[in-house]
Amino acid sequence: MSRNNGFVFRRPALARSVADGLVGAGLQDFTSGLFLAAPRRTGKSTFLREDLIPECQARGWLTVYVDLWADKEKDPADLIAGAIAGALVPFEKGIRKLAKNIGIEKLSFLRTLSWDFTKPQLPAGATLTQALELLHSAAEKSVVLVIDEAQHALTTAAGINAMFALKAARDQLNQGREGEGSGLHLVFTGSNRDKLAHLVLGKSQPFFGSSITPFPLLGKEFTQAYTLHLNAHLAETNQFSAADIDDAFELVGRRPEMLRTIIGEVALELGEASNLGQLLQSRAELLRAGVWTEFESAWNALTIPQRAVLEVMVERSQNNEPFAPFTDSTLMAVGKALENLGSDVVPGTQTIQACIDALRDKELVWKSSRGGYALEDKSFGDWLSARKAR
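Quick notes on the rules
Residues numbered from 1 in each chain as written. Predicted model: local features only at pLDDT ≥ 70, side-chain atom pairs only at ≥ 80, totals over all residues. Heavy atoms only, no water. Helix = DSSP H or I, 4+ residues; strand = E, 2+ residues; numbered from the N terminus. Buried < 20%, exposed > 50% of the residue type's maximum accessible area, 1.4 Å probe, protein only. Contact = heavy atoms within 4.5 Å. Areas by Shrake-Rupley, 256 points an atom, 1.4 Å probe, with all protein chains shown as cover. Salt bridge = Lys/Arg side-chain N within 4 Å of Asp/Glu carboxyl O. Phe/Tyr/Trp six-rings, centres within 6.5 Å; stacked < 30°, edge-to-face > 60°. Lys NZ or Arg CZ within 6 Å of the ring centre and 35° of its normal.

Within an unreviewed UniProt entry, the label attached to the chain reads ATP-binding protein, and the organism entered is Pseudomonas fitomaticsae.

Right, dumping it as structure tokens:
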């Protein structure tokens, strides 16, 4: 679903497909967890809240949603624990009854039954596995935990530990259960595929072996429906073309919010119908040019070695390969990039480390707490590729 000027576009078929995958009943198997990646502002979070979560609820599942970017001052682990604690609140009476029925020793973290349900936090000593198992038992439903911008968990040690705890909870709650009867389904989303991939790449990562699923961007069905909505408010002699709307949508990376901005600007100076397409295109190009000008300025401020390292990172990103800064292949690739940039510098590990530190300071490169690296904004790679092509 996407909202634009009161316009609502739903994606029920996609929601059903994802939900089927969570229980292993679809063409894709997401029973070990769904890792959904898409650039920012392409409708991913809206789809979760307005399409996927209602679909899960319609199937009788209890959903818990948390956005790890909702409060960047808080540790991601605290946000996850807080969301689960909040989901337990409606079941307070059931939890206390459950404690009495199964014996308090089974719920050791509720030993004193002094849990303050008015605060969005778990009792001291409670693990995420215990909390999720309690939620599943109290609700008597399968639990779907949706973590938006999940890659942010990798920025702290506690966040990474929370990811390992969720994997343990998944294994424990699903043991001996299959399909609809599974205790816990996990959905992770990220606005940067490379960052999200750090959860599944390498044997030391919490969800090693899982794969990243690209989020299907809004297509022509969306722009056609949106065009009909817009034209209903315009004179018959002054109508938008669905093809022109789609071309403008493509120019801004198929981001609904940016398209809405363009439409708003064009609405202020609506010309004749024959001129609407030109107005749309020029506004879309101006909007994209503004973003790309920022990238150009950032690029111009870099040293030659920093540019070389960034070029290699972009190339690895576009090939869906991890960036390992100190391997022989990376040293060779950076050396070749330096040569192409007209430099005779021979890169070493210290040079690359200094470049990475500088790129992080400029907020062009992201680092996980375990030393993994990725582009801060993948669209920078699109701009750099376009620049090199020119």
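Draft legend 1. Geometry of the overall build of the chain. What the chain contains, in helices and strands, is 15 helices and nine strands. Burial analysis of the chain (390 residues in total) assigns 48% to the buried set. Partitioning the intrachain contacts of the chain with sequence separation of at least 6 by distance along the chain shows that 68% fall at a separation of at least 24. Accessible surface, the chain: about 18,900 Å² in total, of which carbon and sulfur atoms supply 49%.

Draft legend 2. Structural view of the pattern of salt bridges. Taken as a whole and judged by the stated rule, the model has 15 salt bridges. For the salt bridge of Lys167 with Asp171, the shortest nitrogen-to-oxygen distance reads 3.3 Å. One end of the pair, Lys167, and the other, Asp171, are both in helix H6 (residues 157–174), four residues apart, so they sit about a helical turn from each other. Judged by relative accessible area, which is 28%, Lys167 ranks as partly exposed. Across the pair Arg316 and Glu321 runs a salt bridge whose closest N-O atoms are separated by 3.8 Å. On the accessibility criterion, Glu321 (38% relative accessible area) is partly exposed.

Draft legend 3. Region of the structure containing unusual backbone geometry. Not every positive phi belongs to a glycine, and Arg41 is a case in point at roughly 65 degrees. At Glu140, a residue that is not glycine, the phi angle is positive and equals roughly 55 degrees. Tracing the sequence through the fold places Glu140 in the loop between helix H5 (128–139) and strand E5 (143–148).

Draft legend 4. Representation of the packing of aromatic side chains. What the rule picks out here adds up to 14 aromatic pairs. Where Phe35 meets Phe188, the ring centres are 4.9 Å apart and the plane angle is 20 degrees; that geometry is what we call stacked. Residue Phe35 is found in strand E3 (residues 34–37), and its partner Phe188 is found in strand E6 (residues 184–190); the two are separated by 153 residues along the sequence. Here the two residues Phe35 and Phe188 agree in accessibility, since each one is buried. Between Phe380 and Trp383, the ring centres sit 5.3 Å apart and the planes meet at 55 degrees, which makes this aromatic pair tilted. Here Phe380 pairs with Trp383, and both are found in helix H15 (residues 378–389), just three residues apart, close to one helical turn. The exposure classification of Phe380 matches that of Trp383, with both residues buried. The ring of Trp69 carries the charged tip of Lys72 above its face, separated from the ring centre by 4.7 Å. Just above the ring of Trp292 sits the side chain of Arg288; from NZ or CZ to the centre is 4.7 Å.

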